[in-house]
Amino acid sequence: MEFVIIDSSQESAQIGLPAPASGACRVPEAGAVEAEFAGVDGTLVQRRWIEAAVAVRFERLAPVAAFPVVPGRRWGPGWWWSATTGRHVMHGSQTMCMQLMVLDRDPQVVGLSARPVRLIWRDPVSGRALTWVPQLFARYADGRALLADCPAASTTAGTRAEHAAAVIAAACAAVGFTYRRLVAPDAVVAATGLSRRCWRRSPPRGR
């Protein structure tokens with residue numbers, strides 16, 4: 001089976017979905033969406049999304065895919081020390097680190113993880129199997145869950161990201177989750193504590 005990977009950390013890539021002719025996109029039924037995630041032993045597990053969303057504690061999982069290191073980019077993958085989880089949570093960009101900081105300070109958030117699940121579906125138009133890895137997962141005290149991406153700019157998303165967002169939003173709604181492309185915090189919020197608690201590449205020893 002051929003997979004076309006449209007990765008949330010590489011939205012500017014030149015591969016992925018063609019632009020829909022009508023400017024809209026068709027999304028598959030939630031029951032046709034698959035979830036891939038890392039098991040306890042690190043082996044990749046694939047289950048129907050509507051089953052995995054109920055049974056799997058995504059906030060406890062390691063990333064299903066590493067954040068890429070992009071040559072020439074000033075800010076690379078790193079780690080955020082989370083008071084919510086009592087451990088480091090990986091991030092792939094400064095923007096994502098800021099979103100982790102905001103969620104970590106929300107008293108209703110009880111769990112955080114980075115890239116814990118890859119969603120897989122077959123495009124209703126082209127028939128190709130496509131995938132997307134949302135950048136963040138957050139669990140709330142009342143049981144609600146959030147899958148999110150952290151775009152660096154507030155401009156309109158490209159066609160690939162818009163299509164993936166429509167598919168994931170529908171899949172999340174079917175299981176009581178929410179999907180959002182998070183708006184970057186303002187400069188004052190972003191500056192507060194960010195430089196002290198975001199670590200690049202690898203966490204310091206002893207944390």
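Data block above holds the structure.
Residues numbered from 1 in each chain as written. Predicted model: local features only at pLDDT ≥ 70, side-chain atom pairs only at ≥ 80, totals over all residues. Heavy atoms only, no water.

Thoughts on the overall build of the protein chain
Right, on to step 1. Across its full length, the protein chain carries five helices and 12 strands.
Right, on to step 2. A separation threshold of at least 6 residues defines the contact pool for the protein chain, and within that pool the share at least 24 residues apart is 64%.
Right, on to step 3. Carbon and sulfur atoms make up 53% of the accessible area of the protein chain, which totals about 10500 Å². (Helix = DSSP H or I, 4+ residues; strand = E, 2+ residues; numbered from the N terminus. Contact = heavy atoms within 4.5 Å. Areas by Shrake-Rupley, 256 points an atom, 1.4 Å probe, with all protein chains shown as cover.)

Here we look at the pattern of salt bridges
A pair can form between side chains of opposite charge whenever their charged atoms are brought close.
Right, on to step 1. Under the defined criterion, the tally for this structure stands at five salt bridges.
Right, on to step 2. Arg48 is the partner of Glu51 in a salt bridge, and the nearest nitrogen-oxygen pair spans 3.5 Å.
Right, on to step 3. Owing to a relative accessible area of 36%, Glu51 belongs among the partly exposed residues under this scheme.
Right, on to step 4. Across the pair Glu59 and Arg57 runs a salt bridge whose closest N-O atoms are separated by 2.8 Å.
Right, on to step 5. Given the relative accessible area of 8%, Glu59 is considered buried. (Salt bridge = Lys/Arg side-chain N within 4 Å of Asp/Glu carboxyl O. Buried < 20%, exposed > 50% of the residue type's maximum accessible area, 1.4 Å probe, protein only.)

Focus: the side chain of Arg115
Right, on to step 1. Topologically, Arg115 is positioned in the loop between strand E6 (109-114) and strand E7 (118-122).
Right, on to step 2. Assessed through its relative accessible area of 0%, Arg115 is described here as buried.
Right, on to step 3. Side-chain polar atoms of Arg115 contact the backbone oxygen of Ala66, separated by 2.8 Å. (Polar contact = N/O pair within 3.5 Å; in protein donor to acceptor, adjacent residues only side chain to side chain.)

Thoughts on the sheet that holds strand E10 (residues 145-149)
Strands in a sheet are paired, the pairing made by backbone hydrogen bonds, and the direction either parallel or antiparallel.
Right, on to step 1. An order of E6-E9-E10-E11 is seen for the four strands of this open sheet, with the pairing classed as mixed. Across the chains shown, the open sheet's two edge strands, defined by having one partner strand only, are E6 and strand E11 (178-181). In this sheet, neighbouring strand axes are inclined to one another by 20° on average, regardless of whether the strands run parallel or antiparallel.
Right, on to step 2. Its contacts with the sheet place helix H2 (residues 94-104) against E6, strand E9 (136-140) and E10, and it is angled at close to 5° to E9.
Right, on to step 3. Docked against the sheet, helix H3 (residues 159-174) engages E10 and E11, running at close to 155° with respect to E11. (Pairing = 2+ DSSP bridges. Axes fitted to C-alpha atoms, helices over the stretch in contact; angles between N-to-C directions.)

Structural notes on the nonpolar core
Right, on to step 1. With 26 residues, the main nonpolar core has Trp49, Phe58, Leu119, Trp121, Leu147 and Phe177 as its most contacted residues.
Right, on to step 2. When contributions to this core are tallied by element, the ones reaching two or more residues are strand E2 (34-38), helix H1 (49-55), E7, strand E8 (129-132), E10 and H3.
Right, on to step 3. Top contributing element to this core by residue count: H3, with seven residues.
Right, on to step 4. In this structure, Val89, Ala114, Leu146 and Ala148 belong to the second largest nonpolar core, which totals 19 residues. (Core = buried A, V, L, I, M, F, W, Y, C linked by side-chain atoms within 4.5 Å.)

Overview of H2
Right, on to step 1. Burial analysis of H2 places nine of its 11 residues in the buried class, which makes it a mostly covered element.
Right, on to step 2. What H2 keeps buried is the set Thr95, Met96, Cys97, Met98, Gln99, Leu100, Met101, Leu103 and Asp104.

Looking at the packing of aromatic side chains
Right, on to step 1. Within this structure, the stated rule accounts for five aromatic pairs.
Right, on to step 2. Ring plane angle 85° and centroid distance 6.1 Å describe the contact between Phe37 and Phe58, whose orientation is recorded as edge-to-face. Here Phe37 is found in strand E2, whereas its partner Phe58 is found in the loop between H1 and strand E4 (78-82), with 21 residues between them in sequence.
Right, on to step 3. A residue is classified by how much of its surface remains accessible, and Phe37, at 6% relative accessible area, is buried.
Right, on to step 4. When the ring of Phe58 is compared with that of Phe137, the centres are 5.6 Å apart and the planes differ by 65°; the resulting orientation is edge-to-face. Here Phe58, found in the loop between H1 and E4, pairs with Phe137, found in strand E9; they are 79 residues apart in sequence, far enough to count as distant. (Phe/Tyr/Trp six-rings, centres within 6.5 Å; stacked < 30°, edge-to-face > 60°.)

Quick word on the side chain of Glu36
Right, on to step 1. Following the sequence through the fold, Glu36 ends up in strand E2.
Right, on to step 2. In this structure Glu36 comes out as buried when scored by relative accessible area, which is 15%.
Right, on to step 3. Engagement of the side chain of Glu36 in a polar contact is seen with the side chain of Arg118, the distance being 2.6 Å.

Considering the pairing of strand E5 (residues 87-91)
Right, on to step 1. In terms of burial, E5 is a largely internal element, four of the five residues being buried.
Right, on to step 2. Summarising the sheet, E4 and E5 pair through five bridges and their orientation is antiparallel. Bridge pairing in E5 places Trp80 opposite Val89.

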